[in-house]
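Per-entry structural report
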Amino acid sequence: LMGWPDRRHWLTDHLDDTFVVLYGVIALIWVERHLEELVRLRWTALMLGVAFRCFIGMSVLDVTGLTAWLEETLELTAESLILSALITAYRDPALASK
């Protein structure tokens, strides 16, 4: 759509994978910076743990190319859980006092 002549080129084929990896990198940076507070936030930690497992499963399926539907399902689940964890942490009453 952007004028790239070969849609099956290695760069265009894996460009979206780069963006997906960025979701995981951003989440890991956030966790590292706020680990002390995260330990007290049970639901946030739980959601990020499940999101990390979905992210690993999605990455394995993406590299192996086994099932696209399951890979996309895990991708959307991981993204949704990361966003939900961030929103949950932001609104958690345990951090409101700080």
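To start, this report covers the structure provided alongside it.

Cut-offs used in this document
- Residues numbered from 1 in each chain as written.
- Predicted model: local features only at pLDDT ≥ 70, side-chain atom pairs only at ≥ 80, totals over all residues.
- Heavy atoms only, no water.
- Helix = DSSP H or I, 4+ residues; strand = E, 2+ residues; numbered from the N terminus.
- Buried < 20%, exposed > 50% of the residue type's maximum accessible area, 1.4 Å probe, protein only.
- Contact = heavy atoms within 4.5 Å.
- Areas by Shrake-Rupley, 256 points an atom, 1.4 Å probe, with all protein chains shown as cover.
- Core = buried A, V, L, I, M, F, W, Y, C linked by side-chain atoms within 4.5 Å.
- Phe/Tyr/Trp six-rings, centres within 6.5 Å; stacked < 30°, edge-to-face > 60°.
- Lys NZ or Arg CZ within 6 Å of the ring centre and 35° of its normal.

1. Considering the overall build of the chain
Each helix and strand counted, the chain has 5 helices and 0 strands in total. Along the chain, from the amino end to the carboxyl end, the secondary structure elements read α-α-α-α-α. For the chain, buried positions account for 24% of its 98 residues. Restricting the contact set of the chain to residue pairs at least 6 apart, pairs at least 24 apart contribute 58%. Counting only carbon and sulfur atoms, one obtains 68% of the accessible surface of the chain, whose full area is about 7500 Å².

2. Here's the deal with the nonpolar core
Core analysis: the largest hydrophobic core is formed by 8 residues, namely Ala27, Leu38, Met47, Leu48, Ala51, Leu81, Ile82 and Ala85. Among the secondary structure elements, those contributing two or more residues to this core are helix 3 (42-64) and helix 4 (68-91). Leaving out residues up to four positions away in the same chain, Leu48 has contacts with Trp30, Val31, Leu38, Ile82 and Ala85.

3. Re the packing of aromatic side chains
In this structure the tally under the stated criterion is 0 aromatic pairs. Sitting above the plane of the Trp43 ring, Arg42 keeps its charged end 5.5 Å from the centroid.

Coordinates in, geometry out; function isn't part of it.
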